[in-house]
Amino acid sequence: MPRTRTRTRRRSLPVRLLRLGLLLVLAAIVLSIAQVVVLRFVDPPTSAFMLARTLEHWRAPGEDFRIDYRWRDFDAVSPHLLMSVIASEDQNFAHHRGFDLDAIDEALSGGSRRGASTISQQVAKNLFLWGGRSWVRKGLEAWYTGWIELTWPKRRILEVYVNIAEFGDGIYGAEAAAQRHFGISASALDPARSARLAAVLPSPRRYSPTQPGPHVQQRAAWVQRQVVQLGGQEYLEACCGR
């Protein structure tokens, strides 16, 4: 009789481990969806990228550094910046469902100036994940992007993006960027300043909107032309109800 019980326990151990693994996977799925749904209504107090940058600073003591993050609602951000960001980062933002297949094809062929990552994908990555190019991170990015597009309107996606995007070392969001770089509020940004802020987004720690070199100047001029071609305010109203 004792031997039978021992064998039963041995056989049931893999089953219990499998059940535990499935429960953990289910819990992770539910938690990730809950994160997205909650942040549809609650303004994020921080982001994964901000936490990572803070950790980098802790590992390098003595550096004069602090995170500057000041949330501003959609209507408190200049429409010029909102459109500049769309023109610079994701011109099909109003039309895709999180993944711009045309931009992916263009990027793979080497003909894209903007890359294939949409604003929705960047929100997913910056808000919940980490940098890098691993398949695991890419898979999680796709998962979060899908749920963001399913549960958030475009207005909310753009609002969160312009508040958590990095515009300089430790400078996150439109308000912090406008105050630190130009000494004005995000609502007062004009087309030229907005284009320069959007121009540094690919490498905000490398380029400066206040001391723009030839690359930033050329890209900012390109952004302003793209804003006009997209339709400016009309595009923003159709996309996000501005």
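Residues numbered from 1 in each chain as written. Predicted model: local features only at pLDDT ≥ 70, side-chain atom pairs only at ≥ 80, totals over all residues. Heavy atoms only, no water.

1. Section: the overall build of the protein
Of regular secondary structure, the protein possesses 11 helices and 3 strands. Each helix and strand of the protein, ordered N terminal to C terminal, gives the series α-α-β-α-α-α-α-α-β-β-α-α-α-α. Counting the 242 residues in the protein, one finds 40% classified as buried. A fraction of 71% describes how many contacts in the protein between residues 6 or more apart in sequence connect residues 24 or more apart. (Helix = DSSP H or I, 4+ residues; strand = E, 2+ residues; numbered from the N terminus. Buried < 20%, exposed > 50% of the residue type's maximum accessible area, 1.4 Å probe, protein only. Contact = heavy atoms within 4.5 Å.)

2. Remarks on the side chain of Asn 126
If you trace the backbone, Asn 126 turns up in helix α5 (residues 119-128). Once you skip the residues sitting within four places of it in the chain, Asn 126 turns out to touch Ser 47, Ala 48, Phe 49 and Ile 164.

3. A word on a nonpolar patch on the surface
A cluster of nonpolar side chains, contributed by Leu 13, Leu 17, Leu 20 and Leu 24, occupies part of the molecular surface with about 390 Å² of accessible area. With respect to the element layout, Leu 17 can be found in helix α1 (residues 2-39). (Patch = residues over 30% accessible without salt bridge, like charges linked within 9 Å, V, L, I, M, F, W, Y side chains within 5 Å. Areas by Shrake-Rupley, 256 points an atom, 1.4 Å probe, with all protein chains shown as cover. Salt bridge = Lys/Arg side-chain N within 4 Å of Asp/Glu carboxyl O.)

4. So, helix α11 (residues 233-240)
The complete set of buried residues in α11 reads Tyr 235, Leu 236, Cys 239 and Cys 240. One face of α11 carries all of its buried residues, which in axial projection span an arc of 95°. Opposite the packed face of α11, turned more than 90 degrees from it, sit the exposed residues Glu 234 and Ala 238. Tucked into the core, α11 has its buried residues touching α3 (79-89), α7 (154-164) and α10 (214-230). Gly 241 lies just past α11 and shows a positive phi near 65°. (Arc of directions from axis to C-beta.)

5. Things to note about the packing of α5 against α7
Where α5 contacts α7, the two axes come as close as 9 Å, and the packing angle between them is 50°. The angle between the axes of α5 and α7 places the two elements in the oblique class. Where α5 crosses over α7, the handedness of that crossing is left-handed. Residue-level inspection shows Ile 119, Ser 120, Gln 122, Val 123, Asn 126 and Leu 127 of α5 in contact with α7, the latter providing Lys 154, Ile 157, Leu 158, Val 160, Tyr 161 and Ile 164. Here the residues of the contact of α5 with α7 sort into 8 nonpolar, 3 polar and 1 charged. (Axes fitted to C-alpha atoms, helices over the stretch in contact; angles between N-to-C directions. Parallel < 35°, antiparallel > 145°, perpendicular 65-115°, else oblique. Left-handed = near helix turned anticlockwise from the far one by under 90°. Nonpolar A, V, L, I, M, F, W, Y, C, P; charged D, E, K, R; others polar.)

6. Considering the pattern of salt bridges
Here the structure, examined in full by the defined rule, presents 15 salt bridges. Across the salt bridge formed by Glu 56 and Arg 53, the nearest N and O atoms sit 3.4 Å from each other. Here Arg 53 and Glu 56 lie together in helix α2 (residues 48-58), a separation of 3 residues that amounts to about one turn. The salt bridge involving Arg 155 is made with Asp 75; its shortest N-O contact spans 3.0 Å. Taken as a pair, Arg 155 in helix α7 and Asp 75 in the loop between β1 (68-69) and α3 lie far apart in primary sequence, 80 residues in all. For Arg 155, a relative accessible area of 27% puts it in the partly exposed group. We classify Asp 75 as exposed; its relative accessible area is 54%. Taken together, the shared-partner salt bridges connect Arg 53, Glu 56, Glu 166, Asp 169 and Arg 205 into one network.

7. Points about the packing of α7 against α11
Between α7 and α11, the least distance of the axes is 8 Å, while the angle of their chain directions is 115°. Contacts between α7 and α11 involve Lys 154, Arg 155 and Leu 158 from the first element and Leu 236, Cys 239 and Cys 240 from the second. Classifying every residue of the contact of α7 with α11 by side-chain character gives 4 nonpolar, no polar and 2 charged.

8. Some remarks on the sheet that holds strand β2 (residues 166-168)
In spatial order, the strands read β1-β3-β2; together these 3 strands make up an open sheet with mixed pairing. The two strands at the open ends of the sheet, each matched to only one other strand, are β1 and β2. Of the strand pairs in this sheet, β1 and strand β3 (residues 171-172) are connected by 2 bridges, and their pairing is parallel. From the neighbouring strand, Asp 68 faces β3, where its bridge partner is Ile 171. (Pairing = 2+ DSSP bridges.)

9. Concerning the nonpolar core
Phe 93, Ile 119, Val 123, Trp 152 and Leu 158 are the most contacted members of the largest nonpolar core, which has 55 residues in total. Once you skip the residues sitting within four places of it in the chain, Val 123 turns out to touch Phe 128, Ile 148, Trp 152, Ile 157, Val 160, Tyr 161 and Ile 164. (Core = buried A, V, L, I, M, F, W, Y, C linked by side-chain atoms within 4.5 Å.)

10. With respect to the packing of aromatic side chains
If you walk through the whole model with that rule in mind, you get 2 aromatic pairs. Aromatic pair Phe 128 and Tyr 144: ring centres 4.4 Å apart, planes at 10°, arrangement stacked. Here Tyr 144 lies in helix α6 (residues 135-151) and Phe 128 lies in helix α5, a separation of 16 residues in the sequence. In this structure Phe 128 comes out as buried when scored by relative accessible area, which is 15%. Tyr 144 sits in the buried class, given a relative accessible area of 9%. Measuring from centroid to centroid gives 5.9 Å for Trp 143 and Trp 147, while their planes differ by 65°, and the two rings are edge-to-face. Placement of both Trp 143 and Trp 147 in helix α6 is noted, with a separation of 4 residues, approximately one turn of the helix. Over the ring of Phe 182 we find Arg 193; its NZ or CZ atom is 5.5 Å from the centre of that ring. (Phe/Tyr/Trp six-rings, centres within 6.5 Å; stacked < 30°, edge-to-face > 60°. Lys NZ or Arg CZ within 6 Å of the ring centre and 35° of its normal.)

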